[in-house]
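Breakdown of the fold
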Amino acid sequence: MSLGEKAQQMNSSQAPALPRLGIAAWGWWNESNHGVNASTITPTGNATTLTNTTSYPSDLSMGSTWDPELVYREASLIGDEARDTAPDNRLNLDFYAPTVNLARDPRWGRNDEAWSEDPTLTARLAGQYVNGLQGQTTDGTLPDSAHGYYKAIATLKHYAANNSEVNRRNGSSDMDQRTLREYYTKQFADIVKSAHPGSIMSSYNEVNGVPAAASVQLMSDLARDTYGFDGYFTSDCDAVYEIQAGHHWQPPGASAPLDQYSRSAWAIAAGEDLDCNWGYHDQYSYGNTVPTAIAQKIKTETDTFNVGDVDTSLTRLFTARIETGEFDKENQVPWVRAARKRLGGATWTTSPDNNAVTETPERLAQAQQSAEQALVLLKNDKVAGTSLLPLSVPKKKAFKLAVVGYFAHPAQLFTGGYSSRQVNAGAANNVDAYTGIKEAVEARNPNAQVDFLPGVTGGTNASRLTTVDPDTLAKVGGYDAVVVVAGTDGSTASEDHDRTTTALPGAQAAMISQVEAANPRTVVYLQTVGSVDVRSFEQTSPALLWSSYLGQRQGPAIADVLLGTTNPSGHLPFTWYTDDSQLPAITDYAIRPSQSAPGRTYMYYTGKPSFAFGHGLGYSSFRFSDLKVAGGSVDASGTVTATAKVTNTGDVAGAATPQLYVTTPFASAAAERPAKRLLAFDRVVVKPGKTVKVHFSAPASQLAFLDEDNETMKVDQGTYGLQLAGAVDDVRQRASVRVTGRLGKVPTTVSVRPVQSGDVAADVAQRVAFDAGALIDPQVTLATDDEALHGYISKGRSTPLPAGTKIRYHSNRRDVVAVAQGGTVLRAVGSGVATVTVDAKLHGTTVSTTFVVNVAPLQITSAPTAAFTAGTAGTFTIATATTQSPTAQEVPSLSVKGKLPAGLAFVDNGDGTGTISGTPTAAGTIVVRVRATNEVSPQATHDLTVTVG
């Protein structure tokens, strides 16, 4: 590729086709947050929202399931549908999901996209989303049946601390390093280590004054070198543009804020491989700024911007495409074969007339099961001596049920942000609460009367439901039971739009209170973007159910829980704050309490919430017992393991979610340790009267806190408390474990930024193309389990490798890269491409990585066609590419074999280019062969079609 072609391949929307290289156009911006919903199917512009693809419950609803296996099953089906709907079943297969920002403030406009306020719960669940989408097993590896190919590529977003819409594009999320490392990046770290996502999206915002899209700390130091991320980084759309337009960022030492060229240079040099170049954009992108930025020799934090930075990013991007099987035959890629078999030879199109063929019975059933497990029973008091739920529906006797509230039977079902369009056959698969309840009740009792009453009026979205319907109040007293459905929608909160209050929108809270006053047998179901203020009706509501957005099959799921067909098993994945007064400003990213703020999340919040993290009731009850900790003592580099027993003391089978929390009773107040942290959890289905054993396991390093003085993670030595609980405020049993020793002896990841002789002096930090005969320095960085970095880190920041570290290299092609001196020295010896493996061994543990070396490459990069006009003088330039700083032996000579049209002549310019010029005399078309040769590379040939018109 030419430099210009390389730059264009680093644009998301779209990377253009290169027919002469057999490369198709590839759209990088595709979405699958809770089901495949968008694809980049046009050459420019935002991703296109798809029509009639399966819509599952939102992330926050899936978070309330506390069920990693359920998430895995759902994500596997999303990955299948991704293949079904992808162009040719092999293109556009990277997806901007899952969102793993933490639900630290319920007013965040995208709160429904979060999984939890807790990093550990988020990582356990979203990690299985990654595994399922990418076609991996639950332990994060590809099965043999995948033949080495990924089903799709998952993208963790938005990295990092992007939790306020009011300033998400141009604000700075400011915090101390403890908060950044222990909270806002921890879930990213854990998912990278366990599930190996193919991509991470950097966020719009600054973190402590540095745009995330140009942050060496976030992308290089933490993600790659510390956590071991080996995929590609994409910007949010258009975060590279916002470096200039929104942040007006002027890096330390720079003479002025960055312009369109330097913003690209700083982003790529920091590790931003892909420019999602639509959305909030201007006319500039990587595609049309990179060549100029290289020519300008822009100084960045890591180097002088050069083609080595571009080649490094391009290698990551094409590695992802290769790993999906794009360039291989169908019979080699099982995911392609499976998709085409499912489609029966047809090609899927995004159209109202596609019959919703990918909304298969299996996928719709999974959407319903996920919705059932997402429902959280917050409260279930007795009415007249009996719990109101499950509703008792007689089989034959008269029974009247009112389903009240606009959201029970809306004009259009709201399934959350990033949803596909449901039209015709797709819309027929949508089932709202009223329809699902009516069908389920009438199935039990065909004579039952189930009526819909609006409850509130004024419009067709939450913000306009401002009037309580008097006719509803006049009627509800005459029913045997009432189910009120209240909620939020896109008018309440959305991308670019935070809530300003947790109050239920419109007159819905007043409606609930007035309906309850008219009929005490009222169940309240809230489907919201997050917690809402329930003070006005919490005490008078005998039964409260909650979920976030439940997807297109919510009706049957809600009905099954209300009627007891399904025993509710959801648990809150966040703290349900009582009201707005308990919340700091949404732009305050501190977590620990202060004189002016009560802290955030169950770990640090000092007030009393309406409902605690982990809370969730069911129709059965469970006893937790016999908590035992293996060994009673563990080294900081070891593993904490424990077991317990769960007994179902109720009358029906149900799922229990025992939660294991850890405390630091020995810590001083000055250390600012959390009240407790979720260490592990399990989920088991237990029959009535039966007991099952549950297991907990977590690395002791999960107990670590950041030592800000040394910038390393440190496990406090002492005796930790362990609490077996049904929720964070429902502790059933206690135990303890003593932790000894220190972190820092075990290597966790090794990374490289290879260069050759002379690069340090030339301010080159990394490269892919090497000169023949050059010594290769991989510039090894080693991370240890205390998250310390050793060796080369970046320019001017190198430190010695730990004493006793042994580095060894292996080359898969020793005729290209030779290994000498016992595996410690690398040299480029012959033209070609080799993969070098790096093994780093310390204290008996070995970690490895690989990198690609392209020695003395030689390509003809000019277009395969040249056009002239008879009787008019013209010129066509033949261009080549070799190493980024070619030696005299690498500069190619050019020749043309074949007879050019009369009046045209070829000249080798001696600098790796050639010129065809002259005044052709007659029209016609001739094909000639261009040949490029140098002293170190195989010759390159290129057929050139010369047309005279």
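Since the structure is predicted, the reported quantities are computational estimates derived from the model, not experimental observations. (Residues numbered from 1 in each chain as written. Predicted model: local features only at pLDDT ≥ 70, side-chain atom pairs only at ≥ 80, totals over all residues. Heavy atoms only, no water.)

1. Comments concerning the overall build of the protein chain
Definition in use: Numbering of helices and strands runs from the N terminus, with a helix taken as a DSSP run of H or I at least four residues long and a strand as a DSSP run of E at least two residues long. Throughout, radius of gyration means the C-alpha value; the globule benchmark is 2.2 Å times the number of residues raised to the power 0.38. Throughout, exposure labels follow a simple rule: accessible area from a 1.4 Å probe, protein chains only, divided by the maximum for the residue type, with under 20% read as buried, over 50% as exposed, and the rest as partly exposed. By the convention used here, residues are in contact when the closest approach between their heavy atoms is within 4.5 Å. Here the accessible surface of atoms and residues is derived via Shrake-Rupley with a 1.4 Å probe, and residues count as covered only by protein chains that are part of the display. Asp and Glu count as negative and Lys and Arg as positive, but His and the ends of the chain are not part of the count. To locate a charge, take atom NZ for lysine, CZ for arginine, CG for aspartate or CD for glutamate.
For the protein chain, the count of helices and strands is 20 helices and 51 strands. Compactness check: the protein chain gives a C-alpha radius of gyration of 31 Å against a globular reference of 30 Å for 949 residues, within 12% of the reference. Expressed as lengths along the three principal axes of its C-alpha atoms, the size of the protein chain is roughly 100 × 70 × 50 Å. Burial analysis of the protein chain (949 residues in total) assigns 61% to the buried set. Of the contacts made within the protein chain by residues no fewer than 6 positions apart, 72% connect residues no fewer than 24 positions apart. Summed over all atoms, the accessible surface of the protein chain reaches about 33,700 Å², with 50% contributed by carbon and sulfur. Distance between charge centres in the protein chain, computed from 77 positive and 92 negative side chains, equals 6 Å.

2. Thoughts on helix α17 (residues 508-518)
Note the following rule: Taken from the helix axis, the directions to the C-beta atoms give the arc we talk about.
Of the residues making up α17, those classed as buried are Q508, A509, M511, I512, V515 and E516. Each buried residue of α17 sits inside an arc of 160 degrees when the element is viewed along its axis, so together they form one side. Buried residues along α17 sit against β13 (400-404), β15 (456-457), β16 (467-468), α16 (470-476), β17 (481-487) and β18 (522-527).

3. Overview of the environment of D771
Convention followed: Here a polar contact is taken to be a pair of N or O atoms separated by no more than 3.5 Å, where protein atoms must pair a possible hydrogen donor with a possible acceptor and residues adjacent in sequence count only if both atoms sit in side chains.
Position of D771 relative to the elements: it lies in the loop between β34 (769-770) and β35 (775-777). Looking at D771, the relative accessible area reads 9%, which means it is buried. Residues D771 and T122, 649 residues apart in the sequence, show an inter-C-alpha distance of 46 Å. Residues in contact with D771, not counting those within four places in the same chain, are Q756, A828, V855, T883, S885, T887 and E890. Within the local environment of D771, its side chain forms a polar contact with the side chain of Q756, the two groups lying 2.7 Å apart.

4. Remarks on the side chain of Q552
With respect to the helices and strands, Q552 occurs in the loop between β19 (543-547) and α18 (554-563). A distance of 2.7 Å separates the side chain of Q552 from the backbone nitrogen of S55, its partner in a polar contact. Polar side-chain contacts of Q552 include one of 3.3 Å to the side chain of N430. Discounting residues that sit within four places of it in the chain, Q552 has contacts with T53, T54, S55, E359, L364, L413, T415, Q422, G426, N429, N430 and V431.

5. Brief notes about the state of the cysteines
Short version of the rule: Only a pair of cysteine sulfur atoms within 2.5 Å counts as a disulfide in this structure description.
Inspection of the entire model under this criterion finds one disulfide. Note on cysteine connectivity: C237 is disulfide-linked to C276, with sulfurs 1.8 Å apart. Taking the sign of the torsion about the S-S bond as the criterion, the disulfide between C237 and C276, at about 80 degrees, is right-handed. With C237 in the loop between β9 (232-235) and α8 (239-245) and C276 in the loop between α9 (260-270) and α10 (286-295), this residue pair connects regions lying 39 residues apart in the sequence. Among the residues examined, C237 registers a relative accessible area of 4% and is labelled buried.

6. A word on the sheet that holds strand β8 (residues 210-211)
Stated formally: Paired strands, in this sense, are two strands between which DSSP finds at least two bridges.
The three strands lie next to each other as β5-β7-β8, forming an open sheet whose pairing is mixed. Strands with a single pairing partner mark the edges of an open sheet, and in this sheet they are β5 (172-173) and β8. Both β5 and strand β7 (residues 206-207) contribute to a ladder of two bridges, which runs parallel. Each residue of the ladder has a partner; that of S173, found in β7, is V207.

7. Points about the pattern of salt bridges
As a reminder, the rule being used: The salt bridge criterion pairs a side-chain nitrogen of Lys or Arg with a carboxyl oxygen of Asp or Glu, the two atoms within 4 Å.
Here the structure, examined in full by the defined rule, presents 44 salt bridges. With a closest N to O distance of 3.0 Å, E787 and R181 form a salt bridge. One end of the pair, E787, is in the loop between β36 (780-784) and β37 (789-791); the other, R181, is in helix α5 (residues 177-184), with 606 residues separating them in the sequence. Looking at E787, the relative accessible area reads 16%, which means it is buried. With a shortest N-O distance of 2.8 Å, R316 and D273 are connected by a salt bridge. Of this pair, R316 sits in helix α11 (residues 307-323) while D273 is found in the loop between α9 and α10, placing the two residues 43 residues apart along the sequence. The class for D273 is buried, based on a relative accessible area of 0%. By sharing partners, the salt bridges in this structure join R110, E113, E165, R168, R169, E242, E495 and D496 into a single network.

8. As for the UniProt feature "domain: Fibronectin type III-like" (unreviewed entry) in the protein chain
We count it as follows: UniProt positions are given in the numbering used here, feature names are shortened, and annotations may be inferred rather than shown by experiment.
The positions UniProt marks with the feature "domain: Fibronectin type III-like" (unreviewed entry) are residues 656-728. Span residues 656-728 is 0% helix and 53% strand, its end C-alpha atoms 15 Å apart.

9. Points about the sheet that holds strand β25 (residues 677-681)
Here is the rule: A fitted line through C-alpha atoms serves as each axis, taken over the contacting stretch for helices, and the angle formed by two N-to-C directions is quoted from 0 to 180°.
With respect to topology, five strands assemble into an open sheet ordered β21-β31-β30-β24-β25, the strand pairing being mixed. The open sheet is flanked by β21 (633-635) and β25, the only strands paired with a single partner. Strand-to-strand, the axes of this sheet are offset by a mean angle of 35 degrees, without reference to chain direction. In this structure, β21 lies alongside strand β31 (residues 730-740), joined through three bridges in parallel fashion. In the sheet register, S633 faces β31, and the bridge partner there is R738.

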